[in-house]
Amino acid sequence: AQQRYSSIREKPAETLDGDRIALHMNAGLMADLPSLEGSGAEGVGLFRTELQFLVQSQVPKRGDLAALYARVMDAAGGKRVAFRTLDIGSDKVLPYMKRPDEPNPALGWRAIRVGLDKVGVMRMQLQALIRAANGRPLTVMFPFVAQFDEFKAAREHLMREIDREEKLGHTLPASVEVGAMLETPSLAFAPKQFFDMADFISIGGNDLKQFFFAADRENEQVRRRYDTLNVSYLSFLKQIVERASASGTHLSFCGEDAGRPLEAMCFAAIGMRTLSMRPASIGPVKHLLRRTDLAEARDVIETAFTSGAQSVRPAVMEWMRNRD
Ligand code: PEP
Ligand code: MG
């Protein structure tokens, strides 16, 4: 598949009417990094740091993590890498970490909730990231932020670690970007101050969709009932675009849906300008975007929003059929 799209690898994801969409890739291991070159991704929009914790039998050491993160940044060759802090709990369980028995792990003690309750591990990881940057720009994002205070507290930890590293005489990152993943509907309705404080927001659509429809992402029986292009969900995503844009907050989408060409095109049509996906999806998504008049797509979607249809998919597919 990579080969098929090699002719557009160096070309931008620019629509027929001139909108540029930034396509980034998701990664989680050192072995993913060569794809940055091969796929034509503009950066790593989501680096899932928990994979490194999952493949070990104990909490990794700060020095080892710093060395690993530095290698990731080296391999990215100056392209932006958004490091997501440890996202454990729910579907990702560390065998060496004691956890409470939870009736509902997806709604339980996970991600930033664990980070803020067990700050030792989070602080260690933040120190490793700061040291890895070593004078280069650093991008950190916190997973599963459900309310403003959680973001404020996590960001505060990062700022405190930066001060501490400075006092210890370490080289600081050239710049620091701090973002939140929007994975619960609650965060979309957070106070404006949250949107102002976040340097960027990345929508984790896998989790967001499961909570929006109350449909377990791991349960095949219910997962497929709800279309990503459902009018309720897509118009909700559009409201997030509008709130982010009102505050000038950079917004991206990094769930699996961003890697599906039709979905990606609809996300672009409602105003998203950065999408992050598995490397193999970049070619097909770019191919469709480059053949799309986004203003026309937007009209089709807006009309479908008010038509009483459950999903915009049939209207968008019909428009595409007539267009080809
Ligand atoms: C998401 O929830 O969409 C996401 C990108 O994070 P993960 O799939 O790792 O939960
Ligand atoms: Mg998630």
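Right above here is the structure, for reference.
This one's a predicted model, so the numbers in the text were calculated from it and none came from an experiment.

Asker: Can you walk me through the site of ligand 1 in this structure?
Answerer: Every residue close to ligand 1 is listed here: Leu46, Arg48, Asp87, Glu183, Gly204, Gly205, Asn206, Asp207, Cys254 and Gly255. At 3 residues, helix α9 (residues 205–212) tops the list of elements feeding residues into the shell around ligand 1. By residue class, the composition of the shell around ligand 1 is 2 nonpolar, 4 polar and 4 charged.

Asker: So what exactly am I meant to see when it comes to the environment of proline 60 here?
Answerer: As for its placement among the helices and strands, proline 60 is situated in the loop between α2 (50–54) and α3 (62–76). According to the C-beta neighbour criterion, proline 60 is partly exposed, with 17 such atoms within 10 Å. When the C-alpha positions of proline 60 and threonine 303 are compared, they lie 52 Å apart, and in sequence the two are 243 residues distant.

Asker: Looking at this model, I keep getting lost on the nonpolar core. Mind explaining?
Answerer: Counting residues in each nonpolar core, the largest one holds 81 residues, and the members touching the most others are Tyr69, Leu129, Ala180, Cys266, Phe267, Ala268 and Leu275. For this core, the element with the highest residue contribution is helix α5 (residues 119–133), accounting for 7 residues. Dropping the residues within four chain positions of it, phenylalanine 267 is found in contact with Phe253, Ala258, Met272 and Leu275.

Asker: Looking at this structure, I do not really get the packing of helix α14 (residues 294–305) against helix α15 (residues 313–323). What am I missing?
Answerer: When two helices pack together, their arrangement is given by the angle between the helix axes and the distance between those axes. With their axes 9 Å apart at the nearest point, α14 and α15 run at an angle of 145° to one another. α15 is crossed by α14, and the crossing has right-handed handedness. Contacts from Val300, Ile301, Thr303 and Ala304 in α14 reach Ala315, Val316 and Trp319 in α15. When its residues are assigned to classes, the contact of α14 with α15 shows 6 nonpolar, 1 polar and no charged.

Scoring rules and cut-offs
- Residues numbered from 1 in each chain as written.
- Chains lettered and ligands numbered in written order.
- Predicted model: local features only at pLDDT ≥ 70, side-chain atom pairs only at ≥ 80, totals over all residues.
- Near = placed C-beta within 6 Å.
- Helix = DSSP H or I, 4+ residues; strand = E, 2+ residues; numbered from the N terminus.
- Nonpolar A, V, L, I, M, F, W, Y, C, P; charged D, E, K, R; others polar.
- Buried ≥ 20, exposed ≤ 12 C-beta atoms within 10 Å, placed from the backbone.
- Core = buried A, V, L, I, M, F, W, Y, C linked by C-beta atoms within 7 Å.
- Contact = placed C-beta atoms within 7 Å.
- Axes fitted to C-alpha atoms, helices over the stretch in contact; angles between N-to-C directions.
- Left-handed = near helix turned anticlockwise from the far one by under 90°.

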